[in-house]
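Below are the chains, spelled out letter by letter.
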Amino acid sequence: METIMDAMKSLTVQDEDQPLHVGEVMACWIYLAGLELAKVSVQAGINTTSDDELKAILEEDLKLGTSQRERLHDFMIKEGITLPPAPEDMPKSDPNSIPLGVKLTDDVIANELSLKIVSLIMRAAGAASESIRTDVGLMFIQFQAEKFAFASRLKQLMRKRGWIKVPPFYVPHGSQQS
């Protein structure tokens, strides 16, 4: 993967002087908006859970999201793209002070995070495939790879805790069941 990325990076010099097309601009804007919304949701999860492993994975996601937000923010500023509005950071709070009718369960927090990661992976894949400029495509391929690596760690925790949601298995009518 690194070899492919290095080869593609050598091509970026050739097209960085070309303007972005509207699809690339929209992809940057939507991905950054998604990262901004995910940030406050993850912060709320950190404030809500008392599970140390879940808190650690949420903090890892927060760091990854911050890294991607900063890279994309800098790219968009450099290209003259208007930034999406960003919600304020969530203030830190004590998980034990959250009323039970409001407090999300660890299962819900983990599955919500999983859905956000899947959404961003799909968005990055679409953006990479629609990009004409190599630097934009590479940026989204890198974002997607980072989210995939994180998602595998999240899935391990979710399986370990029994939080992963599995749809019913499909057994076609008339087939042999084991």
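Above this text sits the structure in question.
Residues numbered from 1 in each chain as written. Predicted model: local features only at pLDDT ≥ 70, side-chain atom pairs only at ≥ 80, totals over all residues. Heavy atoms only, no water.

J.: I tried to follow the overall build of the chain on my own but got confused; where do I start?
T.: Across its full length, the chain carries five helices and zero strands. Each helix and strand of the chain, placed in order from N terminus to C terminus, yields the pattern α-α-α-α-α. Projected onto the principal axes, the alpha-carbon positions of the chain cover approximately 55 × 55 × 25 Å. Counting all 178 residues of the chain, 37% fall into the buried class. For the chain, contacts bridging at least 24 residues in sequence account for 84% of all contacts bridging at least 6. Accessible area of the chain: about 10,900 Å², with a carbon and sulfur share of 59%. Computing the positive centroid from 19 side-chain charges and the negative centroid from 25, the chain places the two 6 Å apart. (Helix = DSSP H or I, 4+ residues; strand = E, 2+ residues; numbered from the N terminus. Buried < 20%, exposed > 50% of the residue type's maximum accessible area, 1.4 Å probe, protein only. Contact = heavy atoms within 4.5 Å. Areas by Shrake-Rupley, 256 points an atom, 1.4 Å probe, with all protein chains shown as cover. Lys, Arg positive; Asp, Glu negative; His and termini not counted. Charge placed at Lys NZ, Arg CZ, Asp CG, Glu CD.)

J.: So what exactly am I meant to see when it comes to the packing of aromatic side chains here?
T.: The geometry of an aromatic ring pair comes down to the distance between the two centres and the angle between the two planes. For the coordinates displayed, the defined rule picks out three aromatic pairs. An angle of 10 degrees between the planes, with centres 5.3 Å apart, marks the rings of Tyr31 and Phe143 as stacked. Of this pair, Tyr31 sits in helix H2 (residues 22-48) while Phe143 sits in helix H5 (residues 134-161), placing them 112 residues apart in sequence. Phe143 shares its class with Tyr31; the two are buried. Centre to centre, the rings of Phe140 and Phe143 are 5.8 Å apart; their planes meet at 85 degrees, and the pair counts as edge-to-face. In this pair, Phe140 and Phe143 both sit in helix H5, three residues apart, roughly one turn of the helix. For Phe140, a relative accessible area of 0% translates into the label buried. Here the aromatic residues Tyr31, Phe140 and Phe143 are joined through ring pairs into a cluster of three or more. (Phe/Tyr/Trp six-rings, centres within 6.5 Å; stacked < 30°, edge-to-face > 60°.)

J.: Just to check I follow, could you spell out the packing of helix H3 (residues 52-79) against H5 for this structure?
T.: A pair of packed helices can be characterised by two numbers: the angle between their axes and the separation between those axes. Across the interface, H3 lies against H5 with an axial gap of 11 Å and an inter-helix angle of 175 degrees. Regarding the angle of H3 to H5, the classification is roughly antiparallel. Partitioning the contact of H3 with H5 into residue classes produces 11 nonpolar, two polar and 10 charged. (Axes fitted to C-alpha atoms, helices over the stretch in contact; angles between N-to-C directions. Parallel < 35°, antiparallel > 145°, perpendicular 65-115°, else oblique. Nonpolar A, V, L, I, M, F, W, Y, C, P; charged D, E, K, R; others polar.)

J.: Explanation requested: the environment of Gln68 in the structure shown.
T.: Within the secondary structure, Gln68 sits in helix H3. Residues Gln68 and Thr105, 37 residues apart in the sequence, show an inter-C-alpha distance of 27 Å. If we ignore the near neighbours within four places in the chain, the residues touching Gln68 are Tyr31, Leu35, Phe143, Glu146 and Lys147. Engagement of the side chain of Gln68 in a polar contact is seen with the side chain of Tyr31, the distance being 2.8 Å. (Polar contact = N/O pair within 3.5 Å; in protein donor to acceptor, adjacent residues only side chain to side chain.)

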